[in-house]
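# Observations on the model geometry
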Amino acid sequence: MPDTALARAFSTRLRRWFRRHGRDLPWRRTRDPYRILVSELMLQQTQVARVVPRYEAWLERWPTARALADAPVADVIAAWNGLGYNRRAVNLHAAARILADEGIPTDLEGLRRLPGVGPYTAAAVACFALGQDVIPVDVNVRRVLDRAAAVAAVTPEPGQAYDLTQALFDLGATVCLARVPRCGACPLAAEGCPSRGRTYAPTRAQGRFEGSNRQRRGALLRAAAAGPVQLDDGNRAVAVALERDGLVAVVDDTATLPGR
Ligand code: SF4
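Residues numbered from 1 in each chain as written. Predicted model: local features only at pLDDT ≥ 70, side-chain atom pairs only at ≥ 80, totals over all residues.

The next point concerns the overall build of the protein chain. Secondary structure summary: the protein chain contains 12 helices and three strands in total. Here the C-alpha coordinates of the protein chain stretch approximately 70 × 45 × 30 Å along the principal axes. A buried classification covers 33% of the 260 residues belonging to the protein chain. Partitioning the intrachain contacts of the protein chain with sequence separation of at least 6 by distance along the chain shows that 61% fall at a separation of at least 24. (Helix = DSSP H or I, 4+ residues; strand = E, 2+ residues; numbered from the N terminus. Buried ≥ 20, exposed ≤ 12 C-beta atoms within 10 Å, placed from the backbone. Contact = placed C-beta atoms within 7 Å.)

Structure, rendered in structure tokens:
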């Protein structure tokens, strides 16, 4: 079968499967660029199940880019607490100011100039908010496409990028799992996926969180959200690194959230 026909068959099967099995996620009910950007920045390093309640609470508090842009950055950092990689909060606040003042950039290059937005996030906003025919390829999407040898499928037909991408996300997250894919439940098995039935060796385990620099950064930020933190030899280096990222201000051996 020529590549284009294969890609079309994959795409049709995937989109049909998605209509029946796709997950109902709150950011799939909007095309608002700000709301899509919030979801994408939250999802960059945090699992879907943890993001859902935080995303909903965030939009209740700051429903528009203008509302977030007008909020003190210290409140934004404090509200991000627990999602990890807190630099994302500062980036989101800065991006909201640009969206509120200038509107959403309409091309990938412009989107990539937003703080915290790399090639993947730019493609996601272009696809999900602006309806453009680009496929954002994350680790799940890449895995499915590699296994199914369906690289041609990343060129969607006009108007199909959104559904195709969401289908690939969900297939990668729930069926084509990293180690033991559930090929019996996969719409691509019947389409002749060359990897069906295979299992895969475990990938490198993520480093321990306990005692890590990430944990120390999170603990200091939580403390700073509650009030000024006195620095000593045990936490000064962490505070300086956080200050470099714009997450705290250090004055006279005391760390506070910026502007507090
Ligand atoms: S058939 Fe199996 S390996 Fe192929 S895409 Fe589906 S779940 Fe993944």
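The structure having been displayed, the exposition proceeds.
This part takes up the packing of helix H5 (residues 73-80) against helix H6 (residues 87-102). Interhelical geometry of H5 versus H6 gives an angle of 135° and a closest axis separation of 9 Å. Accordingly, the angle class assigned to the pair H5 and H6 is oblique. Here H5 runs over H6; the crossing is right-handed. On the side of H5, the interface is formed by Val73, Val76, Ile77 and Trp80, while H6 contributes Arg88, Ala89, Val90 and His93. (Axes fitted to C-alpha atoms, helices over the stretch in contact; angles between N-to-C directions. Parallel < 35°, antiparallel > 145°, perpendicular 65-115°, else oblique. Left-handed = near helix turned anticlockwise from the far one by under 90°.)

What follows is about the domain arrangement of the protein chain. For the protein chain, the assigned domains read domain 1 (1-22 + 133-203), domain 2 (32-130) and domain 3 (213-256). The straight-line distance from the C-alpha centre of domain 1 to that of domain 2 is 27 Å. Of the residues lining the interface, seven residues belong to domain 1; the matching set on domain 2 comes to six residues. For the side of domain 1 that touches domain 2, the per-class residue count stands at five nonpolar, one polar and one charged. (Domains from an automatic or database assignment. Nonpolar A, V, L, I, M, F, W, Y, C, P; charged D, E, K, R; others polar.)

The next subject is the packing of helix H2 (residues 33-43) against helix H3 (residues 48-61). For any two helices packed against each other, the geometry is given by the interaxial angle and the distance between the axes. The contact between H2 and H3 brings their axes to 10 Å, and the two run at 145°. Classified by chirality, the crossing of H3 by H2 is right-handed. Where H2 approaches H3, its residues Arg35, Val38, Ser39, Met42 and Leu43 are matched on the opposing element by Val48, Val51, Arg54, Tyr55, Trp58 and Leu59. A per-class count over the contact of H2 with H3 returns eight nonpolar, one polar and two charged.

So, about the site of the ligand. What surrounds the ligand is a group of 13 residues, the closest being Cys176, Pro181, Cys183, Cys186 and Cys193. Each residue belonging to the shell around the ligand can be placed in one class, and the counts come to 10 nonpolar, one polar and two charged. (Near = placed C-beta within 6 Å.)

Positive phi, close to 45°, is recorded for Tyr85, a residue that is not glycine. By the secondary structure assignment, Tyr85 is in the loop between H5 and H6. In this structure Tyr85 comes out as partly exposed when scored by C-beta crowding, with 18 C-beta atoms within 10 Å. A positive phi angle is found at Asp252, which is not glycine, with a value near 50°. For Asp252, a count of 7 C-beta atoms within 10 Å gives the class exposed.

Right, let's get into the environment of Gly234. Topologically, Gly234 is positioned in the loop between strand S1 (229-230) and helix H12 (236-244). On the basis of neighbour count, Gly234 is assigned to the exposed category, with 8 C-beta atoms found within 10 Å. A C-alpha to C-alpha distance of 53 Å links Gly234 and Gly184, two positions 50 residues apart in sequence.

Do not read the fine detail of predicted coordinates wherever pLDDT is low. When pLDDT is averaged along the protein chain, the result is 91; 95% of the residues meet or exceed 70. Averaged pLDDT values over the elements of the protein chain bottom out at 83 in helix H1 (residues 3-21) and peak at 98 in helix H4 (residues 65-69). (pLDDT = per-residue confidence, 0-100.)

A word on the sheet that holds strand S2 (residues 249-251). The strands making up a sheet associate through backbone hydrogen bonding, with each pair oriented either parallel or antiparallel. Read across the open sheet, the three strands follow the order S1-S3-S2; overall the sheet is antiparallel. Of all the strands in the sheet, just S1 and S2 have a single pairing partner and so form its edges. (Pairing = 2+ DSSP bridges.)

Another point: the environment of Gly172. Mapped onto the elements of the fold, Gly172 is located in helix H10 (residues 161-174). Sequence spacing of Gly172 and Leu41 is 131 residues, and the spatial spacing of their C-alpha atoms is 20 Å. If sequence neighbours within four positions are ignored, Gly172 has contacts with Asn140, Val141, Arg143 and Val144.

Further remarks concern helix H9 (residues 139-147). For H9, the full list of buried residues reads Val141, Val144, Leu145 and Arg147. Packing partners of the buried residues in H9 comprise H10. Just downstream of H9, Ala149 is the residue with a positive phi angle, here 50°.

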